[in-house]
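# Close look at the chain arrangement
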Amino acid sequence: MKTNRARVMLALASALLLGACAPVTEYSAAEAPKDLVLDSSTTRLDLRFGAGTARLSPGDAIRLRDMSASGKISPSDRVFVSASGAPRLAEQRVGAVTAQLLRYGIIASPTQLAQLPPNYAIVEVTRTLVTLPPCPNWSKPSASDFGNQPSSNHGCATEVNLGMMVANPADLASGIRLGPAAGQPAAAAVNRYLNDKVTPLPQAGTAAAFSSSASTSTAAPSTGSP
């Protein structure tokens, strides 16, 4: 009886000892967040046109130019323009605003808002800020992991690089609808192919020959004296 009890106590002590030495393998990914955080804000600019024309009022033209030049509207923003008037006139007004923005590298997309006042246009500017995750992240203990779970720093570099390289942060939330393709260069390429007038690639020795002739022509003439 005493022998069985001693064996049980010995087994319990061994189990407790092994449990104390075994590393903790349970680790939640929530303890090491690696997500990019996006914060967006939208501002609105009201513009006025001359009655029945696609010419911006002088004051609004200056205001739009100053906002573009100062960075209050930047190429990384999402910009939408809507104008009132008959379909043809509204299109011309939108074109006048987008042409002004394009001078500063800002690409605006036309949109349609209901119930605009006469001779009016609205520019909506959405700016998105990307907050990078706290990387590197070594919050997970570095002891042996018998659960074969990834490191807490796994994927950190990918997320940080993506957040730093994206040109338009809003694209991380949703993409922009593709516009129509440029028809003229596409048709020209097909025409060259159908008429067997494909532009040949340069020969392998062309670059070397050009380089050699250029260096010869630019060499200083010899004076004949030592």
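Remember, it's a predicted structure, so these values are computed and weren't measured experimentally.

## Side note on the overall build of the protein chain
Of regular secondary structure, the protein chain possesses 6 helices and 4 strands. Element order for the protein chain, N to C, with α for helix and β for strand: α-β-α-β-α-β-β-α-α-α. Counting all 226 residues of the protein chain, 23% fall into the buried class. If you sum the accessible surface of the protein chain, you get close to 16400 Å²; carbon and sulfur atoms cover 61% of it.

## Side note on unusual backbone geometry
The peptide bond linking C135 to P136 adopts the cis configuration, its omega dihedral lying at -5°. Structurally, the position occupied by P136 is in the loop between strand 4 (120-131) and helix 4 (156-165). We note that N119 has phi near 55°; this positive angle belongs to a residue other than glycine. Along the chain, N119 turns up in the loop between strand 3 (108-110) and strand 4.

## Description of the sheet that holds strand 4
Taken together, the 4 strands give an open sheet; going across it, the order is 1-4-2-3, and neighbouring strands pair in mixed fashion. The open sheet is flanked by strand 1 (37-48) and strand 3, the only strands paired with a single partner. This sheet shows a mean twist of 25° between the axes of neighbouring strands, independent of strand direction. Direction of pairing for strand 2 (residues 78-83) relative to strand 3: parallel, over a ladder of 3 bridges. Looking across to strand 3, one finds that V79 is bridged to A108. With respect to the sheet, helix 3 (residues 87-102) is in contact with strand 1, strand 2, strand 3 and strand 4, its orientation differing from that of strand 2 by roughly 150°.

## Focus on the pairing of strand 4
Consecutive residues of a regular strand have side chains that alternate between opposite faces of the sheet. Examined bridge by bridge, strand 1 and strand 4 share 12 bridges and lie antiparallel to one another. Bridge assignment links R44 to a residue of strand 4, and that residue is E124. Sheet analysis places strand 2 next to strand 4, joined by 6 bridges and oriented antiparallel. Within the sheet, the bridge partner assigned to R78 lies in strand 4 and is T126.

## Side note on the pattern of salt bridges
Following the criterion strictly, the structure yields 7 salt bridges and no others. In this structure, the salt-bridge partner of R65 is D66, at a minimum N-O distance of 3.7 Å. Given a relative accessible area of 37%, R65 falls into the partly exposed group. For R88, the salt bridge goes to E91, with nearest N and O atoms at 3.9 Å. Here R88 pairs with E91, and both are found in helix 3, just 3 residues apart, close to one helical turn. A network of salt bridges, in which partner residues are shared, links R48, D60 and R63.

## Describing the nonpolar core
Counting residues in hydrophobic clusters, the biggest one holds 18 residues, and the most contacted among them are L47, L64, I73, V79, V97, L101 and V123. Elements that contribute at least two residues to this core include exactly strand 1, helix 2 (58-70), strand 2, helix 3 and strand 4. Setting aside anything within four residues of it in sequence, one finds L47 in contact with L56, D60, R63, L64, V97, N119, Y120, A121 and V123.

## As for the confidence of the model for the protein chain
Residues of the protein chain with pLDDT of at least 70 account for 75%, and the chain-wide mean is 79. Of all the helices and strands in the protein chain, helix 6 (residues 206-217) carries the lowest mean pLDDT, 45, while strand 2 carries the highest, 94. Below a pLDDT of 50 lies the segment residues 207-226, which in the model reaches 0 contacts outside its immediate sequence neighbourhood of four places, other chains included.

## A short note on the packing of helix 2 against helix 3
Each pair of packed helices can be described by the angle between their axes along with the distance between the axes. At a minimum axis separation of 9 Å, helix 2 and helix 3 run at an interaxial angle of 35°. Crossing geometry of helix 2 relative to helix 3 is assigned as right-handed. Where helix 2 approaches helix 3, its residues A61, L64, R65 and S68 are matched on the opposing element by V97, Q100 and L101. For the contact of helix 2 with helix 3, the residue count by class is 4 nonpolar, 2 polar and 1 charged.

Conventions and cut-offs
- Residues numbered from 1 in each chain as written.
- Predicted model: local features only at pLDDT ≥ 70, side-chain atom pairs only at ≥ 80, totals over all residues.
- Heavy atoms only, no water.
- Helix = DSSP H or I, 4+ residues; strand = E, 2+ residues; numbered from the N terminus.
- Buried < 20%, exposed > 50% of the residue type's maximum accessible area, 1.4 Å probe, protein only.
- Areas by Shrake-Rupley, 256 points an atom, 1.4 Å probe, with all protein chains shown as cover.
- Pairing = 2+ DSSP bridges.
- Axes fitted to C-alpha atoms, helices over the stretch in contact; angles between N-to-C directions.
- Contact = heavy atoms within 4.5 Å.
- Salt bridge = Lys/Arg side-chain N within 4 Å of Asp/Glu carboxyl O.
- Core = buried A, V, L, I, M, F, W, Y, C linked by side-chain atoms within 4.5 Å.
- pLDDT = per-residue confidence, 0-100.
- Left-handed = near helix turned anticlockwise from the far one by under 90°.
- Nonpolar A, V, L, I, M, F, W, Y, C, P; charged D, E, K, R; others polar.

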